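A closer look at the structure
This is what each chain is made of:
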Amino acid sequence: MNATDHPLVHTYLTAVERESAALPPERRAELIADLREHITVSLGAGDGDARIRDVLERLGEPRTLAASALAEEPDGRQSAAPAERRGRTRLTLALLAVGGLLCLANPFVGAVALIAGLVLLAKSPLWTSRQKAVAAAASVTGPVLVGLAGLLLASSGVSPAELLVAVALCLGLPLAGTLSLWRATRG
């Protein structure tokens, strides 16, 4: 196994990537590549967990590395200030979490909220493509299923049990996707 494939190294590099989200994408990729190279050179093929921990500890905390890289960037090149980035992250999570429920109350408003959340999610550098795909699918699945069921059952009345299932789908699935994104940012 290559040193950079080790779970400790993967976790460390993921944390650095998350913490350096305010860097321009090419600079962030360069930082991660440099760290991978340094780790590979510092570790032999057979090094154990203790040696890997030692190398990672000498590199420093991911937050400190990211802050140093951000400090080296000219002011105009940073993609977003940390406070602005946190605000966008919170807005993205909120739109994805409540978009499905809004679809029940007002389909137009709910659709706008979901689309806005999905656009913000797609543009965010905080999450991997896989995390984005899972969250997007979870956010959209509930409202789509309820909408299709509503079209199929439009002629019949809606029972309280059906309404409860609709609310559970439109709230539960988007919340699950949002929770997975939130956990990834806390990492």
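Let us look at the structure shown here. Worth saying up front: this structure is predicted, and the values here are computed from it rather than measured.

A look at the overall build of the protein
Across its full length, the protein holds eight helices and zero strands. In the protein, the succession of α and β elements from N to C terminus is α-α-α-α-α-α-α-α. Relative to its 187 residues, the protein shows a buried fraction of 35%. Summarising the internal contacts of the protein: among those between residues at least 6 apart in sequence, 68% fall at separations of at least 24. With the model as given, the accessible surface of the protein reaches about 10900 Å², and the carbon-plus-sulfur share is 64%.

Remarks on the environment of Ser68
Structurally, the position occupied by Ser68 is in helix 4 (residues 62–72). Judged by relative accessible area, Ser68 falls into the partly exposed class, the value being 37%. In this structure, the C-alpha to C-alpha distance between Ser68 and Ser20, residues 48 residues apart in sequence, is 9.5 Å.

Re the nonpolar core
Membership of the largest hydrophobic core comes to 18 residues, with the highest contact counts inside it found for Tyr12, Val16, Leu35 and Ile39. Sorting the residues of this core by element identifies helix 1 (7–19), helix 2 (25–42), helix 3 (49–59) and helix 4 as the ones contributing at least two each. Ignoring anything within four residues of it in the chain, the contact list for Tyr12 reads Leu56, Leu59, Gly60, Pro62 and Leu65.

Structural notes on helix 2
With 18 residues, helix 2 ought to run about 26 Å at 1.5 Å a step, and its terminal C-alpha atoms sit 26 Å apart, in line with that. Buried-residue contacts for helix 2 involve helix 1, helix 3 and helix 4.

As for the packing of helix 1 against helix 2
Here helix 1 crosses helix 2 at 155 degrees, and the two axes come no closer than 10 Å. Between helix 1 and helix 2, the angle falls in the class roughly antiparallel. The way helix 1 lies across helix 2 gives a crossing that is right-handed. Contacts between helix 1 and helix 2 pair Val9, Leu13, Val16 and Glu17 from the former with Arg28, Leu31, Ile32, Leu35, Arg36 and Ile39 from the latter. When grouped by side-chain class, the residues that make up the contact of helix 1 with helix 2 number seven nonpolar, no polar and three charged.

Section: helix 8 (residues 160–186)
Owing to its 3.6 residues per turn, the α-helix aligns residues three or four sequence positions apart on the same side. Spanning 27 residues, helix 8 covers 38 Å between terminal C-alpha atoms, matching the ideal 39 Å at 1.5 Å per step. When we look at burial in helix 8, the residues that qualify are Ala166, Cys170, Pro174, Gly177, Thr178, Leu181, Ala184 and Thr185.

Observations concerning the pattern of salt bridges
Tallied over the entire structure, the rule returns three salt bridges. Residue Glu19 pairs with Arg63 through a salt bridge whose shortest N-O separation is 3.3 Å. Of the two residues, Glu19 is situated in helix 1 and Arg63 in helix 4; the sequence distance between them amounts to 44 residues. On the basis of relative accessibility, which here comes to 59%, the residue Arg63 falls in the exposed class. Arg51 is paired through a salt bridge with Asp54; the nearest N and O atoms lie 3.5 Å apart. Placement of both Arg51 and Asp54 in helix 3 is noted, with a separation of three residues, approximately one turn of the helix. Exposure remark for Asp54: the relative accessible area of 35% places this residue in the partly exposed category. If you follow the salt bridges from partner to partner, you end up with Arg51, Asp54 and Arg58 in one network.

Description of a nonpolar patch on the surface
On the surface, Val98, Leu102, Phe108, Val109 and Val112 cluster together to form a nonpolar patch covering roughly 420 Å² of accessible area. Per element, the largest residue contribution to the nonpolar patch is three residues, and it comes from helix 6 (residues 107–123). Along the chain, the position of Leu102 falls in helix 5 (residues 82–105).

Considering the packing of helix 1 against helix 4
Packing of helix 1 against helix 4 brings their axes to within 8 Å, and their N-to-C directions diverge by 40 degrees. In terms of orientation, helix 1 and helix 4 fall into the oblique class. Two packed elements cross with a definite hand, and for helix 1 against helix 4 that hand is right-handed. Listed contacts from helix 4 to Tyr12, Ala15, Val16 and Glu19 of helix 1 are Pro62, Arg63, Leu65 and Ala66. Looking at side-chain class alone, the contact of helix 1 with helix 4 contains six nonpolar, no polar and two charged residues.

Thresholds, definitions, all that
Residues numbered from 1 in each chain as written. Predicted model: local features only at pLDDT ≥ 70, side-chain atom pairs only at ≥ 80, totals over all residues. Heavy atoms only, no water. Helix = DSSP H or I, 4+ residues; strand = E, 2+ residues; numbered from the N terminus. Buried < 20%, exposed > 50% of the residue type's maximum accessible area, 1.4 Å probe, protein only. Contact = heavy atoms within 4.5 Å. Areas by Shrake-Rupley, 256 points an atom, 1.4 Å probe, with all protein chains shown as cover. Core = buried A, V, L, I, M, F, W, Y, C linked by side-chain atoms within 4.5 Å. Expected span 1.5 Å × (residues − 1). Axes fitted to C-alpha atoms, helices over the stretch in contact; angles between N-to-C directions. Parallel < 35°, antiparallel > 145°, perpendicular 65-115°, else oblique. Left-handed = near helix turned anticlockwise from the far one by under 90°. Nonpolar A, V, L, I, M, F, W, Y, C, P; charged D, E, K, R; others polar. Salt bridge = Lys/Arg side-chain N within 4 Å of Asp/Glu carboxyl O. Patch = residues over 30% accessible without salt bridge, like charges linked within 9 Å, V, L, I, M, F, W, Y side chains within 5 Å.

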